[in-house]
Amino acid sequence: MTRPSTHAVRITHPERPLFETGFTKGDLVAYYRAVADVILPQLADRPVTRIRFPEGVGGARFFEKHTPRYAPDWLRRMSLSSNPGSSKPAKLVTYPFIDDLGGLEWMSNQSAIELHTPQWRVGPRGGIRNPDRLVIDLDPGEGAGLDECVLAARLIRERLAADDLTAWPVTSGGKGLHLYAPLTGRRTSGAAHAYVGAVAKELAAAHPDALVAEVGKEKRVGRVFIDWSQNSAARSTATPYTMRGREVPRVAAPREWEELEPGLTQLGPDEVLRRLERDGDLMARYGLAHG
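Read on for a plain summary of the structure. Note that this is a predicted model, so its numbers are computed, not measured.

This paragraph deals with the sheet that holds strand 2 (residues 62-64). Spatial ordering of the open sheet is given by 2-1-5-11, a layout of 4 strands whose pairing is antiparallel. With partners counted over all chains shown, the strands left at the sheet margins are strand 2 and strand 11 (237-238), one partner each. Relative to strand 11, strand 5 (residues 112-117) runs antiparallel, the two being bridged by 2 bridges. Within strand 11, the residue paired with T117 across the bridge is T237.

Attention now goes to helix 6 (residues 269-279). Within helix 6, burial applies to P269, V272, R275 and L276. Along the long axis of helix 6, the arc covered by the buried residues comes to 120°, so they all point the same way. Every exposed residue of helix 6 that faces more than 90 degrees away from the buried side is listed here: D270, R274, E277 and R278. Buried-residue contacts for helix 6 involve helix 1 (25-34), helix 2 (36-43), strand 12 (243-244), strand 13 (250-251), strand 14 (253-254) and helix 7 (282-285). Phi for G280, located one or two positions after helix 6, is positive at around 75°.

Here we take up the pattern of salt bridges. Considering all chains together, one arrives at 17 salt bridges under this definition. For R159, the salt bridge goes to D163, with nearest N and O atoms at 2.7 Å. Salt bridges linked by common partners bring D45, R76 and D99 together as one network.

One can describe the packing of helix 4 (residues 146-161) onto helix 5 (residues 189-206) by two numbers: an axis separation of 11 Å at closest approach and a directional angle of 125°. With respect to helix 5, the element helix 4 is oriented oblique. Viewed along their axes, helix 4 and helix 5 form a crossing whose handedness is right-handed. Judged by residue contacts, L155, I156, R159 and L160 of helix 4 engage Y195, V199, E202 and L203 from helix 5. Taken together, the residues of the contact of helix 4 with helix 5 sort by class into 6 nonpolar, no polar and 2 charged.

Our focus in this paragraph is the pairing of strand 8 (residues 177-182). Most of strand 8 sits inside the fold, with 5 of its 6 residues counted as buried. One ladder, built from 6 bridges, connects strand 6 (residues 133-140) with strand 8; its direction is antiparallel. By the bridge assignment for strand 8, V135 is matched with Y180. Pairing analysis gives 4 bridges linking strand 7 (residues 168-171) to strand 8, with the strands arranged antiparallel. Across the sheet, W168 pairs through a bridge with Y180, a residue of strand 8. Where strand 7 folds back onto strand 8 in an antiparallel hairpin, the turn is made up of 5 residues, including G173, whose phi is positive at roughly 85°.

Ordered in space as 9-10-6-8-7-14, the 6 strands form an open sheet in which the pairing is mixed. Two strands lie at the open edges of the sheet, namely strand 9 (211-212) and strand 14, each paired on one side alone. Strands in contact with helix 4 are strand 6, strand 8, strand 9 and strand 10 (224-227); relative to strand 6, the strand with the most contacts, it is inclined by about 150°. In the packing of helix 5 onto the sheet, contacts are made with strand 6, strand 9 and strand 10, and the angle to strand 6 comes to roughly 35°.

By secondary structure assignment, the location of S87 is in the loop between strand 3 (77-81) and strand 4 (92-96). The exposure class assigned to S87 is exposed, which follows from its relative accessible area of 78%. Distance in space between the C-alpha atoms of S87 and R223 is 35 Å, their sequence separation being 136 residues.

Rules of the game
- Residues numbered from 1 in each chain as written.
- Predicted model: local features only at pLDDT ≥ 70, side-chain atom pairs only at ≥ 80, totals over all residues.
- Heavy atoms only, no water.
- Pairing = 2+ DSSP bridges.
- Helix = DSSP H or I, 4+ residues; strand = E, 2+ residues; numbered from the N terminus.
- Buried < 20%, exposed > 50% of the residue type's maximum accessible area, 1.4 Å probe, protein only.
- Arc of directions from axis to C-beta.
- Contact = heavy atoms within 4.5 Å.
- Salt bridge = Lys/Arg side-chain N within 4 Å of Asp/Glu carboxyl O.
- Axes fitted to C-alpha atoms, helices over the stretch in contact; angles between N-to-C directions.
- Parallel < 35°, antiparallel > 145°, perpendicular 65-115°, else oblique.
- Left-handed = near helix turned anticlockwise from the far one by under 90°.
- Nonpolar A, V, L, I, M, F, W, Y, C, P; charged D, E, K, R; others polar.

Here it is, written out as structure tokens:
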């Protein structure tokens, strides 16, 4: 059961459209209320970067890391390094944390459609822990799509299994696919980042017609880019169950491997809610939920 919010959040202009489909701010709030039980464990003790769309997805968007000065006092916040674990100088960022339904409602009222989080969590005394998961972002280049991502995902799944890591798929709600694998917490972010980078380069060398591990859009034509950068402690990924700010409402949605077949599509919020009612929380089943 979702931890109830003890904070009153006034939703302003719930009728304001955020997507050209007519999906409104009120609909966004309703979606996050409906998935609170499953997204709060994904957000638990992770600093949250938001992508806000004050004018809807057709207008300006901006990333927001700092907690706004006007945020309510009850919203938990913590000043953390913008590049944790690095020996290079880094500024402090006062990140917010979303602990309950009130936090979700407040963020939704700010038109924060997307919620992004790192692969690590913060301990009870504010220490940054080692990552409890790794993530691989499969990004199809021009001329490629989800079908090509499915083939890439199966290759990566087999390769990670050789190192006793179990990968689970999440359609990103954008163009591609995310793969998550639980970690024991023994690897540092630097070690996880280096490991996934080595795997990406190995697979790209073995399958040069299908995969690429180098940055550069011109290199991705007809292929899938294996992006391992989001395992860096300084980076974040679209949180499972977050909405995405695309042309139509889509969600970063956990999937089952049996679904990863030709013709796979991204899921919208209504589909995700129906699946939750039918199948429950796949992230919890996969050992990727906390809180």
